[in-house]
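Per-entry structural report
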Amino acid sequence: MTRPRFPADELDRDARVLFLTRVTRMFAYGFLAVVLVLYLAAIGLPAEAIGLLLSLTLAGDTLISLWLTTSADRLGRRRVLVVGALLMAGAGLVFALTREPVVLLLAATIGVISPSGNEVGPFLAVEQASLTQTVSGAGRTNVFAWYNLVGSLATAFGALAAGGLAQVLQASGVGPADSYRAIVVGYASIGLLLAAIFARLSPRVEVVHASGSAVPGTRFGLGRSRGVVFRLSALFSLDAFAGGLIAQSLVAYWFAVRWGVEPAVLGAIFFGANILAAVSALSAARLAARFGLINTMVFTHLPSNVLLILVPLMPTLPLSVLVLLARFSISQMDVPTRQSYTMAVVDPDERSAAAGVTGIARTTGSAVSPLLAAPLLGSAGLAAVPFFLAGGLKIVYDLILYRLFRAAPAPEEAVR
């Protein structure tokens, strides 16, 4: 197997622009996420309003992203990406200028705000489809691995930058609300920058339809690829539901309750975990080249899930952290392979829609599970149950995925 290397010689001008937009956007998400709830509380919103705001952010993003991503191949990928960036800038600007709950709720619903630092909006789906169009099938998984790596690193450093900036401003006499507002304004400014960068994409990222319109009989922008996309979406939703049971904020809460870990230590644990997860994605391309995309997705995910189940069973804090870090060190190998496989098995003119539908399925699945996990983590006798449920459901996902798709390799693997 070849060593993982940055695929500079495989990236044309458009692909380099898409890598730049990924870094820019994920830095902004990490930059905002670390202070968003603190800012909303500092400007006087009660806890109930903040919770509603975050829920509507997710609900609005799901609906708008579904429409934009399933229409992108028809309306124009570059146009959809620019619109998404402007929605991101607009939402940040509204959040910075008003404290009226109704106006904030409206901005959260129709704008692009990332409360968790994770991908929101139409960007990921459309960028994946555009990247696939600019690289070869053989190099696609390696490109996706680096694409995920640079995004994860950008998010981590965005969070560090926001925390440092807020602390510097407050030390110089700026009030908490105003220090956080500066970061929100920065988020809006990055949205405008992102729109300008997206506008530099060339027409080569677009899909040219013979009739100039969507294929007759499509639903959610899908025609011939509908069956495989819906099957993958159902499975990805199950995986995301399981993942939502052990979202990082919930795991951090478990460590604080179970072991009394202080916030600064929690930050260090999860910064290291995210770095390990980002780097682990690089190994995916090498493994996929040798064993295939489906095998890599399944057989790296299975041991990760076993380690997840073991985390609450460890008798000491160091062992629990060690198992968690070991889990993160292999937990992301399925991400670039999953993305690459989805792009490989759908028609080129349905890739944005396919990535959008599968992404929305994951978002919806992960949105429901914290409602179940939070009460369990709050109960001393049941606090370990989310880890067991998540690991068990993810193992079920792996086995079903292998059973359904092991005989349907990506086209470039079928001809080897």
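Residues numbered from 1 in each chain as written. Predicted model: local features only at pLDDT ≥ 70, side-chain atom pairs only at ≥ 80, totals over all residues. Heavy atoms only, no water.

1. Points about the overall build of the protein chain
The secondary structure content of the protein chain amounts to 18 helices and zero strands. Dimensions of the protein chain along its principal axes, counting C-alpha atoms only, are 60 × 50 × 40 Å. For the protein chain, the proportion of its 416 residues judged to be buried stands at 50%. Counting contacts in the protein chain only where the partners sit at least 6 residues apart, residues at least 24 apart contribute 84% of the total. A total of about 17300 Å² of accessible surface is found on the protein chain, and carbon and sulfur atoms cover 68% of it. (Helix = DSSP H or I, 4+ residues; strand = E, 2+ residues; numbered from the N terminus. Buried < 20%, exposed > 50% of the residue type's maximum accessible area, 1.4 Å probe, protein only. Contact = heavy atoms within 4.5 Å. Areas by Shrake-Rupley, 256 points an atom, 1.4 Å probe, with all protein chains shown as cover.)

2. Some remarks on helix 12 (residues 293-310)
The end-to-end C-alpha distance of helix 12, which contains 18 residues, comes to 27 Å, matching closely the 26 Å that a straight helix rising 1.5 Å per residue would cover. Within the span of helix 12, buried status applies to Leu-293, Ile-294, Thr-296, Met-297, Val-298, Thr-300, His-301, Leu-302, Ser-304, Asn-305 and Leu-308. (Expected span 1.5 Å × (residues − 1).)

3. Section: helix 3 (residues 47-75)
Counted at 1.5 Å a residue, the expected span for helix 3 with its 29 residues is 42 Å, and the 39 Å between its end C-alpha atoms agrees. Within helix 3, the axis deviates most sharply at Thr-69, by approximately 25°. At the exit of helix 3 stands Gly-76, carrying a positive phi of roughly 120°. (Bend = angle between axes of the 7 residues up to and from the residue.)

4. Let's talk about the packing of aromatic side chains
Under the criterion given, the structure shown has 10 aromatic pairs. Considering the side-chain rings of Phe-144 and Tyr-147, the 6.4 Å spacing of their centres and the 40° angle between planes classify their relative orientation as tilted. With Phe-144 and Tyr-147 both in helix 7 (residues 137-171), this residue pair falls three residues apart, about one helical turn. The class for Tyr-147 is buried, based on a relative accessible area of 0%. Centroid distance Trp-254 to Phe-387: 5.1 Å. Interplanar angle 65°. Geometry classified as edge-to-face. Taken together, the residues span a long stretch of sequence, with Trp-254 in helix 10 (residues 248-259) and Phe-387 in helix 17 (residues 385-405) at a distance of 133 residues. A relative accessible area of 1% means that Phe-387 is categorised as buried. Taken together, Phe-19, Phe-144 and Tyr-147 form an aromatic cluster joined through their ring pairs. One cation-aromatic arrangement involves Arg-22 over Tyr-147; the distance from NZ or CZ to the ring centre is 4.5 Å. Sitting above the plane of the Phe-236 ring, Arg-338 keeps its charged end 5.6 Å from the centroid. (Phe/Tyr/Trp six-rings, centres within 6.5 Å; stacked < 30°, edge-to-face > 60°. Lys NZ or Arg CZ within 6 Å of the ring centre and 35° of its normal.)

5. Observations concerning the side chain of Gln-128
Take Gln-128: it is sitting in helix 6 (residues 123-134). A relative accessible area of 6% places Gln-128 in the buried class. Not counting residues up to four positions away in its chain, the partners in contact with Gln-128 are Phe-144, Gln-339, Met-343 and Ala-355.

6. Some points on the pattern of salt bridges
A full pass over the atoms with the stated rule returns 12 salt bridges. For Arg-204, the salt bridge is made with Asp-14, and the minimal N-O distance between the two is 3.5 Å. Of the two residues, Arg-204 sits in the loop between helix 8 (176-198) and helix 9 (226-245) while Asp-14 sits in helix 1 (residues 13-33), which places them 190 residues apart along the sequence. Among the ionic pairs, Asp-347 bridges to Arg-224, the shortest N-O distance being 2.5 Å. One end of the pair, Asp-347, is in the loop between helix 14 (334-344) and helix 15 (351-368); the other, Arg-224, is in the loop between helix 8 and helix 9, with 123 residues separating them in the sequence. Among the charged side chains, a network of salt bridges with common partners joins Arg-22, Arg-25, Glu-119 and Glu-127. (Salt bridge = Lys/Arg side-chain N within 4 Å of Asp/Glu carboxyl O.)

7. Quick notes on the nonpolar core
Grouped together as the largest cluster of nonpolar side chains are 66 residues, with contacts concentrated most on Leu-40 and Phe-95. For Phe-95, the residues in contact, after removing those within four places along its chain, are Leu-36, Tyr-39, Leu-40, Leu-53, Leu-104, Ala-107, Ala-108, Ile-113 and Val-184. Of all hydrophobic cores here, the second largest spans 25 residues; its members include Trp-254, Ala-273, Val-311 and Phe-328. (Core = buried A, V, L, I, M, F, W, Y, C linked by side-chain atoms within 4.5 Å.)

8. Here's the deal with empty space enclosed by the protein
What the rule picks out here adds up to one cavity of 30 Å³ or more. Space inside the largest cavity adds up to approximately 30 Å³. Taken together, Gly-60, Asp-61, Ile-64, Ser-65, Leu-87, Ile-110, Gly-111, Val-112, Gly-121 and Pro-122 form the lining of the largest cavity. In terms of residues, the lining of the largest cavity owes the most to one element, helix 3, which gives four residues. Across the lining of the largest cavity, the residue classes tally to five nonpolar, four polar and one charged. (1 Å grid on protein atoms, 1.4 Å probe; cavity = no way out; pocket = protein on both sides within 12 Å on 5 of 7 lines; lining within 4 Å. Points joined across faces, edges and corners; volume = space filled by probe spheres on them. Nonpolar A, V, L, I, M, F, W, Y, C, P; charged D, E, K, R; others polar.)

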